[in-house]
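# A closer look at the structure
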Amino acid sequence: MRVRPRSPLRLPGGSAPDGVLRVRRGVLSRLLHVEGRPIVVRAWLTRSGEVCLEAAADVTEVAEVAADEGVLTAAIERMRFALGIDEDMSEFFRRFKGDPLLGPVIRRRPWIRPRRRPFAWEALLGAICQQLIEAGEALEIQRRI
């Protein structure tokens, strides 16, 4: 699937500490569990500024999952949300471009987006785990979940 972002966009770089998101050679890969099934979503930017997204059943899953287009489509939609691809930031930029704190950031980094997780429970999980125990233990729990 190819999508034209509604506002300037850059994909995040690096890897997530919990190990479910990685970026290699400009391709973002994220493991999601949709309806209990492990799905890998990949995203990359084209030279024309479009975002390409593809989803596939994790290689450890049986072949019938690959045929379930509904699960793959849901995984792509969750990543579109998490990456903010469909967010139109133009009103925010217009309103705050003259702000003494936000204006310079908006001009230097117009692709910036709020950080999101594909599913709300992931944010809750991280907030709870990282407050109650050491960060390393929290990340281990997140990886297992």
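Preceding block: the structure.
Everything quoted here is computed from the prediction, not taken from an experiment.

## Some points on the side chain of glutamate 122
Position of glutamate 122 among the secondary structure elements: in helix α5 (residues 120–132). When its relative accessible area of 9% is taken as the criterion, glutamate 122 is described as buried. Once you skip the residues sitting within four places of it in the chain, glutamate 122 turns out to touch Arg30 and Arg117.

## Here's the deal with unusual backbone geometry
Here the phi dihedral of arginine 25 falls at roughly 55°; this positive angle occurs in a residue that is not glycine. Note that arginine 25 resides in the loop between β2 (21–24) and β3 (27–34). The backbone phi angle of glutamate 35 is positive, close to 50°, even though this residue is not glycine. Within the element layout of this structure, glutamate 35 appears in the loop between β3 and β4 (37–45). For glutamate 35, a relative accessible area of 64% gives the class exposed.

## Things to note about the packing of aromatic side chains
Evaluated as defined, the whole model comprises two aromatic pairs. For the pair phenylalanine 92 and phenylalanine 96, a centre-to-centre distance of 4.9 Å together with 45° between the ring planes defines the contact as tilted. Note that phenylalanine 92 and phenylalanine 96 are positioned in helix α3 (residues 90–96) at a spacing of four residues, about one turn of the helix. In textbook terms, an aromatic cluster arises when at least three aromatic residues are bridged by ring pairs, as seen for Phe92, Phe93 and Phe96. Above the face of the tryptophan 111 ring, arginine 10 is positioned so that its terminal group lies 3.6 Å from the ring centre. If you follow arginine 116 out to its NZ or CZ, it ends over the ring of phenylalanine 81, 4.2 Å from the centre.

## Digging into the pattern of salt bridges
Should their charged atoms come close, side chains of opposite charge can pair. Enumeration according to the criterion identifies ten salt bridges in this entry. The closest approach of N and O atoms between arginine 94 and glutamate 91, which form a salt bridge, is 2.5 Å. Of this pair, arginine 94 and glutamate 91 both sit in helix α3, three residues apart, which is roughly one turn of that helix. For arginine 117, the salt bridge is made with glutamate 122, and the minimal N-O distance between the two is 3.8 Å. Relative accessible area serves as the criterion here: at 27%, arginine 117 is assigned to the partly exposed category.

## Some details on helix α2 (residues 69–83)
Helix length check: α2, at 15 residues, gives a terminal C-alpha distance of 21 Å against a target of 21 Å (1.5 Å per residue), a fit within 8%. Looking at α2, one finds that the buried residues are Val71, Leu72, Ala75, Ile76, Met79, Arg80, Ala82 and Leu83. The positive-phi residue at the C-terminal boundary of α2 is glycine 84, with phi of around 70°.

## Concerning the nonpolar core
Core analysis: the largest hydrophobic core is formed by 22 residues, its most contacted members being Ile39, Leu53 and Met79. For this core, the secondary structure elements donating two or more residues are β3, β4, β5 (51–57) and α2. Examining the composition of this core, we find that seven residues originate from one element, α2, more than from any other. Look past the residues within four positions of leucine 53 in its chain and what remains in contact with it is Met1, Val3, Val41, Arg42, Ala43, Ile76, Met79, Arg80 and Ile85.

Here is what the cut-offs are and how they apply
Residues numbered from 1 in each chain as written. Predicted model: local features only at pLDDT ≥ 70, side-chain atom pairs only at ≥ 80, totals over all residues. Heavy atoms only, no water. Helix = DSSP H or I, 4+ residues; strand = E, 2+ residues; numbered from the N terminus. Buried < 20%, exposed > 50% of the residue type's maximum accessible area, 1.4 Å probe, protein only. Contact = heavy atoms within 4.5 Å. Phe/Tyr/Trp six-rings, centres within 6.5 Å; stacked < 30°, edge-to-face > 60°. Lys NZ or Arg CZ within 6 Å of the ring centre and 35° of its normal. Salt bridge = Lys/Arg side-chain N within 4 Å of Asp/Glu carboxyl O. Expected span 1.5 Å × (residues − 1). Core = buried A, V, L, I, M, F, W, Y, C linked by side-chain atoms within 4.5 Å.

These figures capture arrangement, not role.
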